Amino acid sequence: MIRQPIIAVMGHVDAGKTKFLDCIRGTCIQEKEAGGITQHIGATEVPLETIHELSKGLLQKYKFNLSIPGILFIDTPGHEAFTNLRKRGGSIADLAVLMVDVHKGLQNQTIEAIEILKSYKTPFIVALNKIDSIKGWNTGRRTITEGLSLQSENVLEELDKKIYELAGQLSVHGFNAERFDRVQNFTQEILVIPTSAKYGEGIPEVLLFLAGLTQKFLEKNISINETGPGKGTVLEVKEEKGLGLTMDVILYNGKLKVGDEIAVGGKDGVIRTKIRALLEPNPLDEIRSPQDKFKNIKEVYAATGVKVVSPGIAGALSGSPLRVIITGEEVKEVQEEIQNVKIDSDVTGAIIKTDALGSLEALIKLLEGQEIKIRKADIGFVSRRDVMEAESIKEKDKFKGVIFAFNTKIPHEISEEAEKKQVKIFSGNVIYKLIEEYEEWINSEKEKSKQELLRTLVLPAKFKIMKDHIFRNCKPAIVGVKVLGGKLRKGIKVMKNEIIIGEVKAMQADGKSVEEANENQELAVSIDKAVVGKNLFEEDTLYSFIPLSDLTQLNKIKDSLTDTELDLIDEIKKIEEKMFKEESA
């Protein structure tokens, strides 16, 4: 038996993945997704009848005789934070659609998606999206084959320019690419299909070539033993009115039937339960956002999206494997897969809590990609124990003693305790934003530490005694100065010609006491131990004396100093080196 091919939709954030599927199924879930990014892998079934309807006239032109039952799309998120979700999607995908913005070409997440597809040897076609935004494009809801014939020569030249730019980018990653209607060898060239997900232009060709290429080149992949035990992935566990808890599942091999005993990953281990009911969405419904009621079925065959009703699944995990139990080995399989994701170590690292197995994998992968060590990673609410453990880690490394909480609850009393113990918790429902917030926090904390350190160090300063600005000769000498560079502060020792001549006791600007003065500022300064006419004269140039320990610290925070300050430090170093040589001679 030939099953529906499973198709992954991948690409950069905002490349049009969700709009592409919206266009096919006529629903709109994009606005409900946090941050405009699809957070969970969704499923959309497109029956063969729909492909035939949309592809009228193209079947004969491209000589496709379709016999597959339809296509099952897995909408795989495009951001790098979902690496493992995409890998899970990619691993069961027969083909993929790589969404690319016609104006932006390959972007970071597009390249990452390509690498994932390469690692799983999953073939893909490119949907070069947003062609309606090309200047002068004549837009319509139609095939791109028809659309190309209606464009002006200038517009077609611009499109070709974009396609060849993309082909150049793809060649860097080892792929030859060409516009779909110019491809000579489907096994050696990547098809690039211009599309407008906004208006539906080019979508018929995408569906047709996905179905046709799968049937022509991947028939072995989609041939299944229809009586084999079912294998699937749990997309979501959620409450349904009148049904209680249910599991949305992608079945990619074998079959499921009412009464089957199944193993599924749970928070506290493997859950063994029986299928009480199977519910199937009507064609073109998205199983997470059905517009029509489900229909009861007795059994279901791969590949499809199905809602499973079973008792005792309160702890079932989104993203976990689902297996029909035949020998009992299936239980071990599921257990091993769950344990391979969770982390429980004694390293100095962050603590992760998420709501699902897929998001846990994703966050682990992303943090490890940033070379951030992880002490513990698990599913569930943030607990008092998590806070206590993070506090102990914070004592060793303040930047690692943190908690990441993705889409999971933080009880009020736990939040208060974390605040009291100054344990930082990063929480939210968009993974990449958690990482961005963490990086921003680190940068902010490091900058605060630098500023605090700078307040305790002697900074480079160069200033000149102004002519006719001697107000007092000694005990202390009071003179008018102009700061030539750096930052002049009260309490520093000052030197002239490799000799320390005194210490700044007080400073006044416009009749008011000040603690520091910046470049080009003019003010009155009192210098203890300096004597005008003896070691201090009009138009003398003085420097701050920077102790060696302070020079060492300043060297560590160079990025917080200006180029002028760094040059001045070098100047002061040379003066002090001469001073120390003379003292030791």
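Preceding block: the structure.
Here we summarise the structure given alongside this text. Remember, predicted model here, so these are calculated numbers, not experimental data. (Residues numbered from 1 in each chain as written. Predicted model: local features only at pLDDT ≥ 70, side-chain atom pairs only at ≥ 80, totals over all residues. Heavy atoms only, no water.)

Moving on, we come to the overall build of the protein chain. In terms of regular secondary structure, the protein chain is built from 15 helices and 30 strands. What you see for the protein chain is a C-alpha radius of gyration of 34 Å, clearly larger than the 25 Å of a compact globule of 585 residues, by over 25%. When its C-alpha atoms are laid out on the principal axes, the protein chain stretches across 105 × 65 × 45 Å. Burial status across the protein chain gives 55% buried among its 585 residues. Across the protein chain, contacts joining residues at least 24 apart in sequence account for 72% of those joining residues at least 6 apart. Total accessible area computed for the protein chain in this model is approximately 26900 Å², and 46% of it derives from carbon and sulfur atoms. In the protein chain, 83 positive and 90 negative side-chain charges are present, and the distance between their average locations comes to 2 Å. (Helix = DSSP H or I, 4+ residues; strand = E, 2+ residues; numbered from the N terminus. Rg over C-alpha atoms; globule rule 2.2 N^0.38 Å. Buried < 20%, exposed > 50% of the residue type's maximum accessible area, 1.4 Å probe, protein only. Contact = heavy atoms within 4.5 Å. Areas by Shrake-Rupley, 256 points an atom, 1.4 Å probe, with all protein chains shown as cover. Lys, Arg positive; Asp, Glu negative; His and termini not counted. Charge placed at Lys NZ, Arg CZ, Asp CG, Glu CD.)

Formed by 67 residues in total, the largest nonpolar core has its most connected members in Phe 20, Ile 71, Phe 73, Val 97, Val 126 and Leu 210. The leading source of residues in this core is helix H8 (residues 203–217), at eight residues. In contact with Val 126, not counting residues within four places along its chain, are Leu 98, Val 100, Leu 166, Leu 170, Ile 190, Leu 191, Val 192 and Ile 193. (Core = buried A, V, L, I, M, F, W, Y, C linked by side-chain atoms within 4.5 Å.)

The next subject is helix H7 (residues 153–172). An ideal rise of 1.5 Å per residue puts 28 Å on 20 residues; H7 measures up with 29 Å between its terminal C-alpha atoms. Within the sequence span of H7, burial applies to Val 155, Leu 159, Asp 160, Lys 162, Ile 163, Leu 166, Ala 167 and Leu 170. Down the axis of H7, the buried set is contained in an arc of 160°. They therefore lie on one face. Those residues of H7 that are exposed and aimed more than 90 degrees away from the buried face are Glu 153, Asn 154 and Val 172. Gly 174 sits one or two residues past H7 and shows a positive phi near 90°. (Expected span 1.5 Å × (residues − 1). Arc of directions from axis to C-beta.)

Now for the pattern of salt bridges. A complete count under the given rule lists 35 salt bridges for this structure. The salt bridge involving Asp 248 is made with Lys 238; its shortest N-O contact spans 3.9 Å. In this pair, Asp 248 is assigned in strand E9 (residues 244–253) and Lys 238 in strand E8 (residues 231–240), connecting sequence segments ten residues apart. In terms of burial, Asp 248 and Lys 238 fall into one category: buried. Across the pair Glu 389 and Lys 376 runs a salt bridge whose closest N-O atoms are separated by 3.1 Å. One end of the pair, Glu 389, is in helix H11 (residues 384–396); the other, Lys 376, is in strand E20 (residues 374–379), with 13 residues separating them in the sequence. Judged by its relative accessible area of 12%, Glu 389 is buried. (Salt bridge = Lys/Arg side-chain N within 4 Å of Asp/Glu carboxyl O.)

Right, let's talk about the packing of aromatic side chains for a bit. Counting across every chain of the model gives 13 aromatic pairs. Pairing Phe 186 with Phe 209 gives two aromatic rings, centres 6.1 Å apart and planes at 50°, and the pair type is tilted. Taken together, the positions of Phe 186 in the loop between strand E6 (176–179) and strand E7 (189–194) and Phe 209 in helix H8 put the pair 23 residues apart, joining distant regions of the chain. The exposure class of Phe 209 is buried, given its relative accessible area of 0%. A cation sits over an aromatic face here: Lys 446 above Phe 399, 5.6 Å from the ring centre. (Phe/Tyr/Trp six-rings, centres within 6.5 Å; stacked < 30°, edge-to-face > 60°. Lys NZ or Arg CZ within 6 Å of the ring centre and 35° of its normal.)

Attention now moves to the packing of H11 against helix H12 (residues 412–420). Running from amino to carboxyl end, H11 crosses H12 at an angle of 10°, the nearest separation of the two axes being 9 Å. Regarding the angle of H11 to H12, the classification is roughly parallel. Contacts between H11 and H12 involve Arg 384, Val 387 and Met 388 from the first element and Glu 413, Ile 414, Glu 417 and Ala 418 from the second. Looking at the contact of H11 with H12 residue by residue, the class counts come to four nonpolar, no polar and three charged. (Axes fitted to C-alpha atoms, helices over the stretch in contact; angles between N-to-C directions. Parallel < 35°, antiparallel > 145°, perpendicular 65-115°, else oblique. Nonpolar A, V, L, I, M, F, W, Y, C, P; charged D, E, K, R; others polar.)

This part covers the side chain of Ser 310. Looking at the element boundaries, Ser 310 is found in the loop between strand E16 (304–309) and strand E17 (321–324). At 3.0 Å, the side chain of Ser 310 and the backbone oxygen of Lys 274 are in polar contact. (Polar contact = N/O pair within 3.5 Å; in protein donor to acceptor, adjacent residues only side chain to side chain.)

Our next topic: the sheet that holds strand E18 (residues 343–344). Note: strands within a sheet are paired through backbone hydrogen bonds, in either parallel or antiparallel orientation. The sheet built from five strands is open, its strands ordered E18-E20-E19-E21-E22 with mixed pairing. With partners counted over all chains shown, the strands left at the sheet margins are E18 and strand E22 (424–428), one partner each. In this sheet, E22 lies alongside strand E21 (residues 402–406) in parallel orientation, the contact comprising five bridges. Paired with Phe 406 across the two strands is Gly 428, which belongs to E22. On the sheet, helix H10 (residues 357–369) packs against E18, strand E19 (350–354), E20 and E21 and is oriented at approximately 165° with respect to E20. (Pairing = 2+ DSSP bridges.)

Right, let's get into the sheet that holds E17. With antiparallel pairing, eight strands are arranged side by side in an open sheet as E12-E11-E17-E8-E9-E16-E13-E14. The sheet is open, and its two edges are formed by strand E12 (269–274) and strand E14 (295–297), each paired on a single side. Each strand of the sheet is rotated relative to its neighbour by a mean of 35°, with strand direction disregarded. Bridge analysis of E8 against E17 gives three bridges, and the strand direction is antiparallel. In the sheet register, Thr 233 faces E17, and the bridge partner there is Pro 321. Each of strand E11 (261–266), E12 and E17 is contacted by helix H9 (residues 329–341), which is oriented at about 175° to E17, the strand it contacts most.

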